[in-house]
Every structure is written in structure tokens, then in C-alpha cells.
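# Observations on chain architecture
Below, each chain spelled out in residue letters.
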Amino acid sequence: MLGKIALEEAFALPRFEEKTRWWASLFSTDPETHVKEITDITKLRIEHADKYGVGYQILSYTAPGVQDIWDPAEAQALAVEINDYIAEQIQGREDRFGAFATLSMHNPQEAAAELRRCVETHGFLGALVNDTQRAGPDGDDMIFYDNESWDVFWKTATDLDVPLYLHPRNPTGTIYDKLWADRKWLVGPPLSFAQGVSLHVLGMVTNGVFDRHPKLQIILGHLGEHIPFDMWRINHWFEDRKKQLGLAETCKRTIREYFADNLWITTSGHFSTNTLVFCMGEVSADRILFSIDYPFEHFEDACEWFDRAELNEVDKRKIGRENAKRLFKLGSYKDSEA
Ligand code: GRE
């Protein structure tokens, strides 16, 4: 399929080359290529995209990014630097690239103001945040965005009518020491990423964020960070026990309704037709978006898998680009019929 749209596509600042190389050494089979790919913005990405039929990419700053910085002033300065950098890099290539804002999530008002600046002055299409914000004197605290102090931020996102991509980050500090240090191979894609994001987003569901902000749109990668698999069980527990659990007050709709109205999932880093078809059954093809997870994954693997997957053509077009055009209002996106 030509003209696919992809939206979990990472870049890094060239000045952090050493850090990028270290991260790549943990996760990549070819760290040198990874460093080149993640710091390139428009050359290699367009070559890959042309070869594999991707018309439009939404770029975001790599994990853990600003969520790893527990000093609030330093985090804010870095977010602004990243946003201005990527805006400049993709200028003139708006036919092929959009961007998500990078945000320091220490302070809801400040995060809201930076989101507004990025959308209004840079034309960004939303934000991507790497799970909880590290905070506190030694970075061991975690800020979740599921309590009422974040309402000002979620209101800004809905006023601006842009989605937020809730991306994982690696476990750190005490949580790492207690849960993961003795089983470190489970950090990242095998388990910890999905566990972190699913906890956070189900916290948003049960703490009433979507009831207070019914128009809010949140995107989850990796085919929904394990939640679709547990949909029946979560629904069963919440609905049968809502009153008993005291949940009826804060969580007025069913988990399936939040998925139909507020949540999207992408195929980033999860190229299994079996799992995709299963997710289509649980959340419907109307809420699934193609993505790659470049350069942690390859265009070739994602695109050849998707193009060959045995899906009906209507669903394939929805997942490959039409849903993204609808969510991001890419009406003028020219490659759509290419
Ligand atoms: C990511 O998307 O940020 C990521 C990593 C490390 C491994 C896989 C992955 O940071 O998708």
C-alpha cells in the first residue's frame, strides 16, 4: 500500500550522540546504523519511506527523553530546544513530515503552554510523552497525569483538538531496583514498556480523566500495550464490581466505550497479523493506526508485513492512512491516493 502514514517515529538531537549510542547499544543489533538513522531527519527517512510506500511521518523525540530529567528547569529548556529544532528541520517538507511536541511534564500549566505554543506556532499535530515524568530530588519520584491537577493540561489538549501519544519509558530508580534489576531482560519491549503505559492509561480511565475530558484522544503504541488482550477481563471486573469498588463515581463508561471514544492503538513494533486481527475484533479497525517505531524497528519489516497482511482492503486503507488523516485532519495530504 502506498501513502501509508506512520506516527511513532523517533529522532534524537545530534548533540546527544554519546547517549544515543549507549541507548542503541542496549537495544539495537546495529548501534552505528541506529545512531545515523535516529539523528537523520529528512534524508534516510525519505529514502526508506519512498522505498516502502510511506507518504507521511509524524516525528517525536526518542525515549526516555525529557521524562528522564528530574530538574524542572532543565527539562523545560530541553523540551523547548527539541521543539524548535524539529520545527526547523522539517520546514519545507510539510508534505512528508509532521511532529509531536516534546513536553516537560513537571508542571501542568507549563506543559499546557508549551503544547499550545507548538501547535499554534509550529503547526505540530499533538504531543508524545514518555510515560511518567521523573521528579524529586534524586529522580526517584514519578509524576502521573491521571489526577485532577492535570485537568488544565488535558483541557488545553482538547481545546487545541490534538491527541497525545502515551509512549513508554524505561523503569528507573527504586522501581528498577525492586522489580527489574534481577530480571533485566524484561525491561523494554518484552514487558516493562507495556506494564508502565497500561498502568498509566488505566489510571486515567479509572480516575475519570476521560469523563472530565470526553473529547480527549490518547494514542497507545505496540497494539495497545497488552490491554486489548485483557479487555473482556477488565470489562468484567469493572462492570460487575463498579459499585462495590467505588468506581461508578469516577469511571462512568465501560472500558470498551473509552476505547471507542478516546483511545487509539498503533501497530508500532508489533507486526503480527494474528494480533492485529485480534485487536480489530476488540477495538475495531476504526481505532487502529499503522506505525513503524523507526529506528528501533525497520521500515522493511513493518511495511512488507502490513502490505502483505491478509486484511480486507477497506480495513487496510483505514489502518494504513485513513484513520490518521481523520485524527490529524490531514485533509490536504497529497500522497493519499499515490
Ligand atoms: C522506543 O520506542 O523508544 C524503544 C526503545 C528501546 C527499545 C525499543 C523501543 O527506546 O521501541
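Please read all numbers here as calculations on a predicted model, not as lab measurements.

## Concerning the overall build of the protein chain
Summing up its helical and strand segments, the protein chain has 14 helices and 10 strands in all. Taking 20 Å as the expected radius of gyration for a compact globule of 338 residues, we find that the protein chain reaches 19 Å, a close match to that expectation. If one aligns the C-alpha atoms of the protein chain with their principal axes, the spans along those axes are about 55 × 50 × 45 Å. Buried residues in the protein chain amount to 55% of all 338 residues. Here the analysis covers contacts within the protein chain between residues at least 6 apart in sequence; of these, 78% occur between residues at least 24 apart.

## Remarks on the sheet that holds strand E10 (residues 288-289)
Read across the open sheet, the 5 strands follow the order E4-E7-E8-E9-E10; overall the sheet is parallel. The two strands at the open ends of the sheet, each matched to only one other strand, are strand E4 (127-130) and E10. In terms of strand pairing, strand E8 (residues 218-220) meets strand E9 (residues 263-266) through 3 bridges, oriented parallel. By the bridge assignment, Ile219 is partnered in E9 with Trp264.

## As for the pairing of strand E2 (residues 54-61)
Strand residues, when the strand is regular, have side chains that alternate between the two faces of the sheet. Of all the 8 residues making up E2, 8 are buried; the element is thus mostly covered by neighbouring parts of the structure. By the bridge criterion, 6 bridges tie strand E1 (residues 4-11) to E2 in an arrangement that is parallel. In the sheet register, Ile5 faces E2, and the bridge partner there is Tyr56. With 3 bridges joining them, E2 and strand E3 (residues 97-99) adopt parallel strand pairing. In the strand pairing of E3, Ile58 is matched with Gly98.

## Section: the sheet that holds E3
The parallel open sheet is built from 3 strands, whose spatial order is E1-E2-E3. The sheet terminates laterally at E1 and E3, the two strands that pair on one side only. Across the sheet, the mean angle separating the axes of adjacent strands is 25° when strand polarity is ignored. Along the sheet face, helix H14 (residues 313-328) touches E1 and E2 and points at about 70° away from the line of E1.

## Quick notes on the packing of helix H3 (residues 43-52) against helix H13 (residues 299-308)
Two numbers describe how H3 lies on H13: the axes approach to 10 Å, and their chain directions differ by 20°. When the axes of H3 and H13 are compared, the pair comes out roughly parallel. As H3 packs across H13, the resulting crossing turns out to be right-handed. Of H13, the residues touching H3 (which contributes Arg45, His48, Ala49 and Tyr52) are Phe299, Glu300, Cys303, Glu304 and Asp307. Residue composition of the contact of H3 with H13, grouped by class: 4 nonpolar, 1 polar and 4 charged.

## What about helix H4 (residues 72-90)?
Taking 1.5 Å per residue, 19 residues should reach 27 Å; H4 reaches 27 Å between its end C-alpha atoms and fits that length. Within the span of H4, buried status applies to Ala75, Gln76, Leu78, Ala79, Ile82, Asn83, Tyr85, Ile86, Ala87 and Ile90. The secondary structure elements touched by the buried residues of H4 are E1, helix H2 (31-39), E2, E3 and helix H5 (108-122). Downstream of H4 by a residue or two, Gly92 has a phi angle that is positive, lying close to 85°.

## Quick notes on the site of the ligand
In the vicinity of the ligand, the contacting residues are Glu8, Trp23, Phe27, Ala63, His167, Pro189, Phe193, Asp293 and Phe296. Between His167 and the ligand, the recorded distance is 3.1 Å, taken from a side-chain N or O atom to an oxygen atom. A distance of 2.8 Å is found between an oxygen atom of the ligand and a side-chain nitrogen or oxygen belonging to Asp293. If the ligand stood free it would expose 280 Å²; the protein chains cover 94% of that surface. When its residues are assigned to classes, the shell around the ligand shows 6 nonpolar, 1 polar and 2 charged.

## Details of the nonpolar core
Within the largest apolar cluster, 85 residues are counted, with the highest numbers of intra-cluster contacts made by Leu115, Phe153, Trp154 and Ile218. Per element, the largest residue contribution to this core is 8 residues, and it comes from H4. In this structure, Trp154 is in contact with Tyr145, Leu164, Met204, Val209, His213, Leu216 and Ile218, ignoring residues within four places of it in sequence. Counting 15 residues, the second largest nonpolar core, distinct from the first, contains Ile5, Leu7, Leu289 and Ala324.

Basis of the calculations
Residues numbered from 1 in each chain as written. Predicted model: local features only at pLDDT ≥ 70, side-chain atom pairs only at ≥ 80, totals over all residues. Heavy atoms only, no water. Helix = DSSP H or I, 4+ residues; strand = E, 2+ residues; numbered from the N terminus. Rg over C-alpha atoms; globule rule 2.2 N^0.38 Å. Buried < 20%, exposed > 50% of the residue type's maximum accessible area, 1.4 Å probe, protein only. Contact = heavy atoms within 4.5 Å. Pairing = 2+ DSSP bridges. Axes fitted to C-alpha atoms, helices over the stretch in contact; angles between N-to-C directions. Parallel < 35°, antiparallel > 145°, perpendicular 65-115°, else oblique. Left-handed = near helix turned anticlockwise from the far one by under 90°. Nonpolar A, V, L, I, M, F, W, Y, C, P; charged D, E, K, R; others polar. Expected span 1.5 Å × (residues − 1). Near = heavy atom within 4 Å. Polar contact = N/O pair within 3.5 Å; in protein donor to acceptor, adjacent residues only side chain to side chain. Areas by Shrake-Rupley, 256 points an atom, 1.4 Å probe, with all protein chains shown as cover. Core = buried A, V, L, I, M, F, W, Y, C linked by side-chain atoms within 4.5 Å.

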